[in-house]
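Overview (structure and organization)
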Amino acid sequence: MKNYFLYMITIKDIAKEANVSEGTVDRVIHSRGGVSKKTEAKIKKILEFHNFSVNPVASALAMKNKHFIAALIPKHNDSDLFWQSPYLGILKGASDVKSFGVQVTNFTFNQYDPDSYLNTFHKLLESKPTAVIMVPNFSKETKQIVAKLETLNIPYLFLNIDIDGFNNIAFVGQDSFMAGYISGKLMNLSIPKPSTYLIIQARHNITKNNAVSNRINGFNDYFLKNKINSKTQTLKIDNLNSFSETKEKINLYLKQHPEIEGIFVPASRIYIVVDCIDVAYLEKLKLIGFDNTPQNIECLKNDSISFLISQKPFDQGYESVRIMTDYLTLKKRIPNNKIHLPIDILIKENVDYNERN
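Residues numbered from 1 in each chain as written. Predicted model: local features only at pLDDT ≥ 70, side-chain atom pairs only at ≥ 80, totals over all residues. Heavy atoms only, no water.

**Brief notes about the overall build of the chain**
So the rule is basically this: Comment: elements are numbered from the N terminus, with helices defined as DSSP H or I runs of at least four residues and strands as E runs of at least two. Each residue's exposure class comes from its accessible area (1.4 Å probe, protein chains only) as a fraction of the maximum for that residue type: buried when under 20%, exposed when over 50%, partly exposed otherwise. For this analysis, residues touch if any pair of their heavy atoms sits within 4.5 Å. For the accessible areas, the method is Shrake-Rupley and the probe is 1.4 Å, while residue cover comes only from the protein chains on display.
Of regular secondary structure, the chain possesses 15 helices and 12 strands. Taken over the C-alpha atoms alone, the chain extends approximately 75 × 50 × 40 Å along its principal axes. Counting all 357 residues of the chain, 53% fall into the buried class. Restricting to contacts in the chain with at least 6 residues of sequence separation, those with at least 24 account for 72%. Looking at the chain as shown, the accessible area adds up to about 17600 Å², and 51% of this sits on carbon and sulfur atoms.

The structure is reproduced here in structure tokens:
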């Protein structure tokens, strides 16, 4: 499989490393003069080290073509930082594709509000995009958005959440079913006997997020396929942001079901679940969740969480921009329309080594 994760050095990166302006680097590259011999030698040494060369195809495309990619993604905030990483990945991708005549802009919406999703899309359309990168957060509204894009002949790519039945040029994200399956295997390795596990799911994820439901299916499938006589139960939480209500509901459930030995949270805010569980219960449970947000990592390091599954969210954003740029400028398509990123298993001993751009 082709490696889509090669880092592309830019003039901006060279300028930063040399501690000079981008214009100075450009003058050295094109031998325009006006740069001291000492600075020129320094820049050339850096260029040589990175094996930098001007891409004539990219330069020609930048002169002839102007493309505008609009990204429709959820907002991030201090209590839910997951979407910050794809956002930053898109920004990095935008910087790297400027030389191809491609401009990228983020349009962010409230991930819990379908009206915000649609309204932000309408604002996005006003910018007259050449192509759209989107997180298909709500199924019903996604059908409306896609119908409009296809009417306007605007190509689109799905980021993070994979929904079948559409004509998106690609999906970039995790194989969510396999991530859930791996989570089941990790739980079984942690508790190597038939046990009872609790799946905690926020209600807003039940109908909107295909990735979450696929993870749950994968988790359950591990035990079925391997004929392990473990059982799963599901606790649905109305609003994870309501701490007192969530705390009361989780601890009451654990009190009523003392047979539970592990908890699987198939979304990014497992730290809230950890904060809600009474210490007496927490010490006896194995917890597995998703995403290396700062709050989750803190729980991993203090042994409240046994494993985190990383989705490589920065790379999701970055690769989406690169793939869409290749499609716009070179008409290049992904053979099977899916780019599945590595499924990283994080424990407290390796989390500091995991790349968090």
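**Some points on the sheet that holds strand β7 (residues 231-237)**
Quick reminder of the rule: Strand pairing is defined by DSSP finding a minimum of two bridges between the two strands. Angles here are taken between N-to-C directions and fall from 0 to 180 degrees, while the axes themselves are lines fitted to C-alpha atoms, restricted in helices to the stretch in contact.
Reading across from one edge, β7-β6-β8-β9-β10-β12 is the order of the 6 strands in this open sheet, with mixed pairing throughout. Two strands in the sheet have a free side with no partner beyond their single neighbour: β7 and β12 (344-346). Direction aside, the axes of adjacent strands within the sheet are offset by 20 degrees on average. Bridge count for strand β6 (residues 196-202) against strand β8 (residues 260-264) is 4 bridges, and the pairing is parallel. Within the sheet, the bridge partner assigned to L198 lies in β8 and is I263. Sheet contacts for helix α11 (residues 243-256): β6, β7 and β8; angle to β7, the most-contacted strand, approximately 155 degrees. Running over the sheet, helix α14 (residues 294-301) touches β9 (286-290), β10 (307-310) and β12 and is turned about 145 degrees from β10.

**Description of the sheet that holds strand β2 (residues 102-109)**
Strand order in the open sheet formed by 6 strands is β2-β1-β3-β4-β5-β11, and the pairing between neighbours is parallel. Here the strands that pair on one side only, and so sit at the sheet edges, are β2 and β11 (338-340). Across the sheet, the mean angle from the axis of one strand to that of its neighbour is 15 degrees, orientation sign disregarded. In the sheet, strand β5 (residues 171-173) pairs with β11 via 3 bridges, with the strands oriented parallel. Paired with G173 across the bridge in β11 is H340.

**Description of the packing of helix α1 (residues 11-18) against helix α3 (residues 37-49)**
Heads up, the rule is: Small angles under 35 degrees read as roughly parallel and large ones over 145 as roughly antiparallel, with 65 to 115 read as roughly perpendicular and the rest as oblique. Crossing handedness: left-handed means the near helix sits turned counterclockwise from the far one by under a right angle, and right-handed means the same turn made clockwise.
Where α1 contacts α3, the two axes come as close as 10 Å, and the packing angle between them is 125 degrees. Taken as axis vectors, α1 and α3 run oblique relative to one another. Judged by the sense of rotation from one axis to the other, the crossing of α1 with α3 is right-handed. Touching I14, E17 and A18 of α1 are K42, I43, I46 and L47, all from α3.

**Considerations on the side chain of S304**
We count it as follows: For this analysis, a polar contact is any N or O atom pair within 3.5 Å, provided that within protein one partner can donate a hydrogen and the other can accept it, and provided that sequence-adjacent residues contribute only side-chain to side-chain pairs.
Along the chain, S304 turns up in the loop between α14 and β10. A polar side-chain atom of S304 sits 2.6 Å from a polar atom in the side chain of N302. Leave out the neighbours within four places in its chain, and S304 touches V274, L282, L287 and C299.

**Considerations on the pairing of strand β3 (residues 131-134)**
Heads up, the condition is: For crossovers, right-handed means that the path from the first strand over the helix to the second runs clockwise, given strands pointing away from the viewer.
A two-sided burial pattern is seen for β3, the buried positions comprising A131 and I133 on one face and V132 and M134 on the other. For strand β1 (residues 67-74) and β3, the ladder comprises 4 bridges, and the chain directions are parallel. Residue L72 lies in a different strand from β3, and its bridge partner there is M134. Judged from the 3 bridges that link them, β3 and strand β4 (residues 156-159) form a sheet pairing that is parallel. Paired with M134 across the bridge in β4 is F158. Chirality of the crossover, the property in question, places the unit of β3, helix α7 (residues 139-151) and β4 among those that are right-handed.

**Topic: the packing of α1 against helix α2 (residues 22-29)**
Note the cut-off: Ten residues, namely Ala, Val, Leu, Ile, Met, Phe, Trp, Tyr, Cys and Pro, are considered nonpolar, four, namely Asp, Glu, Lys and Arg, are considered charged, and the remaining ones, Gly among them, are considered polar.
Contact geometry of α1 with α2 gives a least axis separation of 8 Å together with a crossing angle of 105 degrees. Considered as vectors, α1 and α2 are oriented roughly perpendicular to each other. Along its contact with α1, which presents I11, K12, I14 and A15, the element α2 presents E22, V25, D26 and I29. Of the residues belonging to the contact of α1 with α2, the class tally is 5 nonpolar, no polar and 3 charged.

**Some words on the packing of aromatic side chains**
For clarity, the cut-off: Two rings belonging to Phe, Tyr or Trp (six-membered ring only in the last case) form a pair when the distance between their centres is within 6.5 Å. Interplanar angles under 30 degrees mark stacking, angles over 60 mark edge-to-face geometry, and anything in between is tilted. Distance and angle both matter: a charge sits over a ring if NZ of Lys or CZ of Arg is within 6 Å of the ring centre and within 35 degrees of the ring normal.
For the structure shown, the criterion picks out 12 aromatic pairs. Here the aromatic rings of F109 and Y117 are separated by 4.9 Å at their centres, their planes lie at 55 degrees, and the arrangement is tilted. Taking relative accessible area as the criterion, F109 reaches 0% and is therefore assigned buried. Summarising the aromatic geometry, the rings of F219 and F223 are spaced 5.4 Å apart at their centres and angled 65 degrees between planes, so their arrangement reads as edge-to-face. Within this pair, F219 and its partner F223 are both found in helix α10 (residues 210-225), separated by 4 residues, close to a single helical turn. With respect to burial, F219 and F223 carry one shared label: buried. The rings of Y181, Y197, F219, Y222, F223, F264 and F290 are connected pair by pair, giving a single aromatic cluster. Over the ring of Y327 we find K331, and its NZ or CZ is 5.4 Å from the ring centre.

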